[in-house]
Amino acid sequence: MPDADRRDTQEKGFLNHMASKEQRPRDSDHAGKLLPQAEKKLHQAVCVLLVELCERFTFSGIVCNMILFCTARLGYRSHQAAMVNMCFVGTSTLTPVLVGWLAENLVGRIKLVYICTFLHFLGTALLPVVSFPFEDIYTDRRHVLLSLPKREQKIVFYFALLTASLGTGGIRAIVCPLSAYSLEDCGPKELLSFFNWFHWLVNLNSALVFVSISYIQQSVARNLGFLIPFVSGLMAVITIHMVRGEMIYKPKADSSLLMTFGVIFSALKMSCVRYRYFSTALPNWLDHAKENQGGQYSETQVEGTKSLTRLFPLFTFHILYRTCIMQIPSGYYLQTMNSNLHFSGFVLPVAAMNVISIVPLLILVPILECINSWLFSSKDTGHSPTIYIVAGHFSAVLSLMVAGFSEMHRKHFPQVEQTLPQEVLLVSSMPCFHLAPQYILLGVAEALVTPSCSLLSFQLVPERMRGISMHFLALFNGAGCFMGALFVQTAHAGTQGNWFPHLLHEGKLERFFFFLASLMMVNTLGFWTIAHRY
C-alpha cells in the first residue's frame, strides 16, 4: 500500500508538472493576444476621435458664417438668418436620436453608416453650388462660371443643410457615440475628466475652424470657403471607409428609445385606468407598467426608466440654457457684424469673435481638473456637479445682461461704413472687442455646465440606459435650439421688428437680451431648488 501511494503521488506530481508546463505557454499566448487587442482598441479610439473631429470641423465650418451668407447672398433679414442658423444646429442635434432609432429597428447599422456618410458628402458638396458664382474664378474677363437664380439657390441651400444634418446624425449616433469610448468601468472622477477633456478637444477644433474658415469665407475667397467643409466631410467619409470594421460600435440590445417611451405610455394608461376604477396607489406611477401590476414590461425595464425620468427636471431646465448658448451664433453674431471689425488695418472675421467664448473653456478645463482631483481625493463625498451647473447658469444670466448693456453702449458711437461680402453696412464705430465680456461669460458657462450635465446624464442611470439617457439630453438640447428660433420669431413679430431688428441701430435688441436674461434667472433659481436631488 505505501508503494502504491508513493506511485500515485509520483504520477500526480508528474501530471501537475506537465500541466504547469502547458499552462505557461498558454499564459504567454494569452498575454500575446492581449497586446494586439489593446492596440486594436487604441486604434479604434483614435479613429473614432478623428472622425468626430472631422465631423465637428465640417459642422462648425457650415455654422460659423451662415448668418452673413444668408443676409449677403440670399437676401434674408437678420432675424430670418438667425432662425435658419439655430434650426440647422437644432436639426443636427436631433438627427442622432432619429438615426439611432432607425439603426435599432429598421435599417442595419453598416448600411445606415454608408447612407449617412453619402448624405453628409452630398450636403457638403452641394454647399459650393449655392456659393457660385465664385468671384475669384472666371472663365475669361467677361463671363463667370455659373450663376443660379435666387429661388433655386435657396432650394439647393436648404436641401444641402438637410442632407448634411442627416449625415451628421448618422456619424454621431453610429460611429461616434459616447459608448464607443469604453466608459463602462469608469468612476465619477474618470467620467468627469473624460467629459472635460472631450469638450476641451472639440472646442479647440472649433476655435481653429472659426479663425481659419471664417477668414477664408469672409476675406480671402469668400464663397470658396464652403469648399472647406466639403473637404472635411470627405476626410470623414474616407476615414469611415478605411476602418469601418473596427469603429462601428454595436450597443447592447437590452434597452431602446421605443422601450422607454413604451414604459411611460403604458404606465400612464394603467394609472388612468386604476384611478378611474380602483383606489389602490403605488409608490411610483411608473410601477403601473410592471408585469406584476398588469403592465407589459419587466421590473428591470421599469426601474431603468424610473432612473431616467429622475433626470427629466434637469433636462427641462437645460432647454432655456441651450437657448442662451444659441445667442453666440445669432444675437451676438449680429452685434459683432454691426460693430467695427477693423483692427490695426486688418478686418477681423465676424465669426472669429466666437473664439473669445472658447478661450475660457480651454483655460478652465485644466483648472477644473485640478479642483476635481482635490475634491474627489478629499474625505468630502458630498461633492456634486450641480454646483457647477448653477454657477454656469448664473454666468449665462450675466452674459445676457452684459450683452444688453453693450448693445446700449454700442449705439452711442457714431456710425461708419463697413464693407462685408457683397454689401456695405452702416455699423457702429465701437470696436468689436468691447463685446468680449459677454462672449467670455458664456464660454465660462459652457465650461461649467456641459461636462457636468453630461456626467449626470451618464452616471445616474444604469449602464444599459446610458445611451438612451444621452439621446434624451440631445432631444432637450435640440428643443433649446428650436425654442431660440421661436423666441426670435415671436420677438420680431410681436414688436414689429423692434426687439430683433434687421438694422440694429433702428431697433431695441437690448430688450430681447434683458427679456432672455430674466427668463434665465428664473430658470436658474428653479434649478437651484431641485439641485439637491442630484
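Attention in this report is confined to the structure presented alongside it. These numbers come from a predicted model, not from an experiment. Per chain, the residues get numbers from 1 upward, laid out in the order the sequence is written. Predicted model: local features are reported for residues with pLDDT of at least 70 only, side-chain atom pairs are reported and counted for 80 or more only, and whole-chain, interface and lining totals are derived from all residues. Note: side-chain values were computed over all heavy atoms of the structure, leaving out hydrogens and water.

1. A closer look at the packing of aromatic side chains
Note the threshold: The pairing test for Phe, Tyr and Trp rings, Trp by its six-membered ring, is centres within 6.5 Å, and the orientation test on the planes gives stacked under 30 degrees, edge-to-face over 60, and tilted for anything in between. In this description a helix means any DSSP run of H or I spanning at least four residues, a strand means any run of E spanning at least two, and both kinds are numbered starting from the N terminus. Residue burial is assigned from relative accessible area. The probe radius is 1.4 Å, only protein chains are included, and a residue is buried under 20% of its type maximum, exposed over 50%, and partly exposed in between. Remark: a charge is flagged as sitting over a ring if the NZ atom of Lys or the CZ atom of Arg is within 6 Å of the ring centre and within 35 degrees of the ring normal.
Taken as a whole and assessed by the stated rule, the structure comprises 21 aromatic pairs. Ring geometry for Phe312 versus Phe476: centroids 6.3 Å apart, planes at 40°, classification tilted. Of this pair, Phe312 sits in helix H11 (residues 312-325) while Phe476 is found in helix H16 (residues 466-494), placing the two residues 164 residues apart along the sequence. Judged by relative accessible area, Phe476 falls into the buried class, the value being 19%. Between the aromatic rings of Phe315 and Phe476, the centroid separation amounts to 5.5 Å while the plane-to-plane angle is 40°, which identifies the pairing as tilted. A residue pair is termed long-range when its members are at least 10 positions apart, and Phe315 in helix H11 and Phe476 in helix H16 qualify at 161 residues. Cation over ring: Arg172 sits above Phe59, and NZ or CZ is 5.0 Å from the ring centre.

2. Remarks on a nonpolar patch on the surface
Basically, it comes down to this: Only residues whose relative accessible area exceeds 30% and that form no salt bridge are eligible for patches; like-charged ones are grouped when within 9 Å, while nonpolar side chains (Val, Leu, Ile, Met, Phe, Trp, Tyr) are grouped when within 5 Å. With residues, only the protein chains shown are counted as cover, and all accessible areas are computed by Shrake-Rupley using a 1.4 Å probe. Each salt bridge in this description consists of a side-chain nitrogen of Lys or Arg and a carboxyl oxygen of Asp or Glu lying within 4 Å of one another.
A grouping of Phe261, Phe265, Leu268 and Trp285 is seen on the molecular surface, where their side chains present a nonpolar patch of about 390 Å² in accessible area. Within the fold, Trp285 resides in the loop between helix H9 (257-277) and helix H10 (299-309). Looking at Trp285, the relative accessible area reads 39%, which means it is partly exposed.

3. Quick look at the packing of H11 against H16
Quick reminder of the rule: Here an angle of 0 to 180 degrees is reported between the N-to-C directions of two axes, which are lines fitted to C-alpha atoms, with helices fitted over the stretch in contact. Crossing chirality is assigned from the near helix's rotation relative to the far helix, an anticlockwise turn below a right angle marking it left-handed and a clockwise turn marking it right-handed. Whether two residues are in contact is decided by their heavy atoms, any of which lying within 4.5 Å being enough. Three categories are distinguished: nonpolar for Ala, Val, Leu, Ile, Met, Phe, Trp, Tyr, Cys and Pro, charged for Asp, Glu, Lys and Arg, and polar for the others, with Gly belonging to the last.
For the pair H11 and H16, interaxial distance at closest approach is 7 Å and the crossing angle is 35°. Every pair of crossing elements has a handedness; the one defined by H11 and H16 is right-handed. For the pair H11 and H16, contact is made by Phe312, Phe315, Thr316, His318, Ile319, Leu320, Arg322 and Thr323 and by Ser469, Phe472, Leu473, Phe476, Asn477, Ala479, Gly480, Cys481, Met483, Gly484 and Phe487, respectively. Its residues placed into classes, the contact of H11 with H16 shows 11 nonpolar, 7 polar and 1 charged.

4. Let's talk about the nonpolar core
The condition is simple: Nonpolar cores were defined as sets of buried Ala, Val, Leu, Ile, Met, Phe, Trp, Tyr and Cys residues, with membership established by side-chain atoms within 4.5 Å.
Of all hydrophobic cores here, the largest spans 75 residues; its most connected members are Phe157 and Phe512. With residues near it in sequence (within four places) discarded, Phe512 still touches Gln327, Phe487, Val488, Ala491, Trp499 and Phe500. Residues Phe194, Cys453, Leu456 and Ile468 belong to the second largest nonpolar core, which totals 38 residues.

5. Observations regarding the environment of Asn354
Position of Asn354 relative to the elements: it lies in helix H13 (residues 354-377). Not counting chain neighbours up to four residues away, the residues in contact with Asn354 comprise Phe210, Ile328 and Tyr439.

6. Some words on the pattern of salt bridges
Any two side chains of opposite charge can pair, given that their charged atoms come close. For the structure shown, the criterion picks out 6 salt bridges. Note that Arg56 is salt-bridged to Glu55, the shortest N-O span being 3.5 Å. Judged by relative accessible area, which is 1%, Glu55 ranks as buried. Residue Glu510 pairs with Lys411 through a salt bridge whose shortest N-O separation is 3.0 Å. Taken together, the residues Glu510 in helix H17 (residues 509-530) and Lys411 in the loop between helix H14 (386-410) and strand E3 (415-420) connect sequence positions 99 residues apart. Accessibility expressed as a relative area gives 7% for Glu510, which makes it buried. When salt bridges that share partners are traced, they join Glu55, Arg56 and Arg172 into one network.

7. Things to note about the packing of H11 against helix H15 (residues 436-459)
Packed helix pairs are specified by the crossing angle of their axes together with the interaxial distance, meaning the distance between the axes. The condition that has to hold: Each angle gets one of four labels, with under 35 degrees taken as roughly parallel, over 145 as roughly antiparallel, 65 to 115 as roughly perpendicular, and the rest as oblique.
Where H11 contacts H15, the axes come no closer than 12 Å and their chain directions differ by 155°. The angle between H11 and H15 places the two elements in the roughly antiparallel class. Every pair of crossing elements has a handedness; the one defined by H11 and H15 is left-handed. Where H11 abuts H15, its residues Leu314, Phe315, His318, Tyr321, Arg322, Cys324 and Ile325 lie against Leu442, Ala445, Glu446, Val449, Thr450, Cys453, Leu456 and Ser457. The residue makeup of the contact of H11 with H15, split by class, is 10 nonpolar, 3 polar and 2 charged.

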